[in-house]
Amino acid sequence: MPSTKTYSYPEVTQWLQTKGIERYGTQFKIHETDLPIIYKLIAYFLKDEASCHQYGMDLTKGILLAGPIGSGKTALINLMKYLTPPEHKF
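Residues numbered from 1 in each chain as written. Predicted model: local features only at pLDDT ≥ 70, side-chain atom pairs only at ≥ 80, totals over all residues. Heavy atoms only, no water.

K.L.:
Describe in detail the packing of aromatic side chains, supporting the description with residues and values.
P.N.:
Applying the stated criterion to the full structure yields 4 aromatic pairs. Ring centres of Y9 and Y39 lie 5.5 Å apart, and the angle between their planes is 80 degrees; this geometry places the pair in the edge-to-face category. Linking Y9 in helix α1 (residues 9–24) with Y39 in helix α2 (residues 35–46), this pair joins segments that are 30 residues apart in sequence. Residue classification places Y9 among the buried positions, given a relative accessible area of 7%. Ring centres of W15 and Y82 lie 6.3 Å apart, and the angle between their planes is 80 degrees; on these two criteria the pair is classed as edge-to-face. Taken together, the positions of W15 in helix α1 and Y82 in the segment after α4 (73–80) put the pair 67 residues apart, joining distant regions of the chain. (Phe/Tyr/Trp six-rings, centres within 6.5 Å; stacked < 30°, edge-to-face > 60°. Helix = DSSP H or I, 4+ residues; strand = E, 2+ residues; numbered from the N terminus. Buried < 20%, exposed > 50% of the residue type's maximum accessible area, 1.4 Å probe, protein only.)

Set out below in structure tokens:
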């Protein structure tokens, strides 16, 4: 059954920014240049089928998040757990 919910990704991103500051301190910041990746992660973890289709993402597959040490990969994934519906938590 397709998802019928709509989300405001800028609002979700602001909420993640606030959660990041609460969890990691005032140095935490989501940079504007990272928004395309952040939006894809939000779509994936919210199971937003319409957005995932738009981004060419398959919700039946996993994700690979790569980057240099200290770039925030683990922090982002830790924050995404707050977006995952309880029935989809690992």
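K.L.:
Account for the pattern of salt bridges, naming residues and giving values.
P.N.:
Inspection of every chain in the model, using the stated rule, returns 1 salt bridge. Residue K19 pairs with E22 through a salt bridge whose shortest N-O separation is 3.7 Å. Here the residue K19 and the residue E22 both occupy positions in helix α1, the gap between them amounting to 3 residues, near one helical turn. (Salt bridge = Lys/Arg side-chain N within 4 Å of Asp/Glu carboxyl O.)

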